[in-house]
Every structure is written in structure tokens, then in C-alpha cells.
Amino acid sequence: MKLVVVSAGLSVPSSTRLLADRLAAATGRYTSVDVQVVELRDLAVEIAHNFTSGFPGRALSAALDAVTEADGLIVVTPVFSASYSGLFKSFFDVLDQEALTGKPVLIAATGGSARHSLVLEHALRPLFAYLRAVVVPTAVYAASEDWGAEGLAERIDRAAGELGRLMEGLGSGAGAVRRADAADTAVTADAAERADASVAVDTDTAAAIAPRALDGALASADRFTVIPFEQQLAALRP
């Protein structure tokens, strides 16, 4: 399965990218995935041009296609002004609104203080709920003091496990739907074939029976005499 990681980190090295890489590696322990990383820092100019021209550049178009075709997403943003970064939001603004429908998404963020951890619930989760993605229950926030401290590794592992299992489940469900559709098509075709055969038999039977029925009706008509109403009425008079 294809896992796409969207990182909105701006610096090099970036704690946002570091968190994204750890989440991707942890997900790979729960399900077999091919990981592709989309660095939004490299797409900033093309994203801005897309807003003014309405057309994505080559690199941006490839990134949008990758996200659309992914079986699962990990999205990580730094916290700016108590919310996701403008670059992060701009990327998902140029993405087709139907691209994430039903897609498993793990949301994560980094910041300088633990006080911004609620950005996951009041900003990121509503954004991806609006895009009709399936957001895993556990979101991961990493403040500066969390690196090397207890708790972060466990949150990463729990969130990655939820994403991996969700990707596996939805992937199996899609396969089951495809198999059910194929079975329904086969049953429908078989039923149609039997119906056509039944119609053909009924038509042949009717063609064979109709002349005999008509002869019988004519023979029965010969055995009865039609008496005019006036004669019947005269016979009843005293």
C-alpha cells in the first residue's frame, strides 16, 4: 500500500520532518507500505502560482496526484499563530475537495510549547473532517521538550498502529466490494440468460398451443346454437 507523508516544515533540519519520518517508520511496523514524502517547503512557489493562475506546476501536480492516489496519509505541520501554517493550509486548498474522501489520515503537529497541543483538535481535525477523510483517533503533538522525553514514542506507536490497521481494513473492504460487485454482475448476467431462455421456451410453447386452442374454440362454437333475444323473450310470455 502507498503511504504519503505531507510535511510542512520550513527549516533544515526540521522537527516537523523528524516527527513525520518517525510516524511513517512506525506505521511500516504495522502494515507493508511504500512511503513517499511531500515536502511543502519545496512547493511553496508553485502553490502560490496555482492560486493566481489556476494551474499547478509539474512538481505540485505530481504531489497532488500522490496524495490523491495514496492509501493513507500522514500530515504534519508546525504551529503558527495557534494554528496550522499557511503553507500547510494552502496545499490542501489547491487539492481537489473529493481527493481525501474516505482516506485514512494521521494528523500531527510540532511546536515550541505544549500549550499549543490543542491545535490538533480545534484546527487540524475539523479541517480533515470537512474534507471527509477518516482521521485516526490518536493525534500526535511534539513540543520542544517532548523530544527524548517519555511519552512521545508511545503516542507515535499508538497513532501509527491505528493508521496501519485502518489502512489494512479499508484496503480489505475495497477488495471485498470489488469481489461482491463482480459476483453481483455474474449473478445478474446468469439471471438474464435464464430469463431469456424462459421467454424463448414460453414463446415456443405459446406458438404450439395457440393453434390447438383456436381449433377447440371453433369446435365448441359449432356445438351451440345462438337464439335471438326476442325469441327467448317470446317463449317466456304466457
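To be clear, the structure that these remarks concern was listed above.
Keep in mind that this is a model prediction, so the values were computed, not measured.

Asker: I would appreciate a short explanation of the pairing of strand β1 (residues 2-7) in the present structure.
Answerer: Side-chain positions along a regular strand alternate between the two faces of the sheet. The buried fraction of β1 is high, at five of six residues. Bridge count for β1 against strand β2 (residues 34-39) is six bridges, and the pairing is parallel. In the sheet register, Leu 3 faces β2, and the bridge partner there is Val 35. Between the parallel elements β1 and β2, the chain passes through helix α1 (residues 15-28) in a crossover that is right-handed.

Asker: Quick question: what am I supposed to make of the environment of Phe 91 here?
Answerer: With respect to the helices and strands, the residue Phe 91 is situated in helix α4 (residues 86-94). Under the relative-accessibility criterion, Phe 91 is labelled buried at 0%. Considering only alpha carbons, one finds Phe 91 and Val 6, 85 residues apart in sequence, at a separation of 9.6 Å. Ignoring sequence-local partners within four residues, the contact set of Phe 91 consists of Val 6, Leu 40, Leu 43, Ile 47, Leu 60, Ala 63, Leu 64 and Val 67.

Asker: Help me understand the nonpolar core, please; the structure alone is not making it clear to me.
Answerer: The nonpolar side chains of a soluble globular protein tend to be buried with one another. Core analysis: the largest hydrophobic core is formed by 40 residues, its most contacted members being Phe 88, Phe 91, Phe 92 and Phe 128. Secondary-structure elements contributing two or more residues to this core are β1, α3 (58-69), β3 (72-80), α4, β5 (104-111), α5 (119-130) and β7 (140-143). Here this core gets six residues from one element, more than from any other, and that element is α5. In this structure, Phe 92 is in contact with Val 6, Val 75, Leu 100, Phe 128 and Leu 131, ignoring residues within four places of it in sequence. One finds Leu 3, Val 76, Val 136 and Ala 160 within the second-largest nonpolar core, a separate group that totals 21 residues.

Asker: Would you take a moment to explain the packing of helix α2 (residues 44-53) against α4 for this structure?
Answerer: Between two packed helices, the angle of one axis relative to the other and the distance separating the axes together describe the packing. At a minimum axis separation of 10 Å, α2 and α4 run at an interaxial angle of 50°. Considering the angle they form, α2 stands oblique to α4. Seen along the crossing, α2 lies across α4 with a hand that is left-handed. Contacts between α2 and α4 pair Ala 44, Ile 47, Asn 50 and Phe 51 from the former with Leu 87, Ser 90, Phe 91, Asp 93 and Val 94 from the latter. Among the residues making up the contact of α2 with α4, the classes are represented as six nonpolar, two polar and one charged.

Asker: Would you take a moment to explain the environment of Ala 159 for this structure?
Answerer: One can find Ala 159 in helix α6 (residues 152-222). Judged by relative accessible area, Ala 159 falls into the buried class, the value being 0%. Taking the C-alpha atoms as reference points, Ala 159 and Ala 139, separated by 20 residues in sequence, lie 6.5 Å from one another. Setting aside residues no more than four positions away along its own chain, Ala 159 makes contact with Leu 106, Val 136, Thr 138 and Val 140.

Asker: Looking at this model, I keep getting lost on the side chain of Glu 39. Mind explaining?
Answerer: Position of Glu 39 relative to the elements: it lies in strand β2. Of note is the side chain of Glu 39, whose polar atom sits 2.7 Å from the side chain of Arg 17. Not counting the four nearest positions on each side in its chain, Glu 39 is found in contact with Ser 7, Gly 9 and Arg 17.

The rules behind the values
- Residues numbered from 1 in each chain as written.
- Predicted model: local features only at pLDDT ≥ 70, side-chain atom pairs only at ≥ 80, totals over all residues.
- Heavy atoms only, no water.
- Buried < 20%, exposed > 50% of the residue type's maximum accessible area, 1.4 Å probe, protein only.
- Helix = DSSP H or I, 4+ residues; strand = E, 2+ residues; numbered from the N terminus.
- Pairing = 2+ DSSP bridges.
- Right-handed = clockwise from strand over helix to strand, strands pointing away.
- Contact = heavy atoms within 4.5 Å.
- Core = buried A, V, L, I, M, F, W, Y, C linked by side-chain atoms within 4.5 Å.
- Axes fitted to C-alpha atoms, helices over the stretch in contact; angles between N-to-C directions.
- Parallel < 35°, antiparallel > 145°, perpendicular 65-115°, else oblique.
- Left-handed = near helix turned anticlockwise from the far one by under 90°.
- Nonpolar A, V, L, I, M, F, W, Y, C, P; charged D, E, K, R; others polar.
- Polar contact = N/O pair within 3.5 Å; in protein donor to acceptor, adjacent residues only side chain to side chain.

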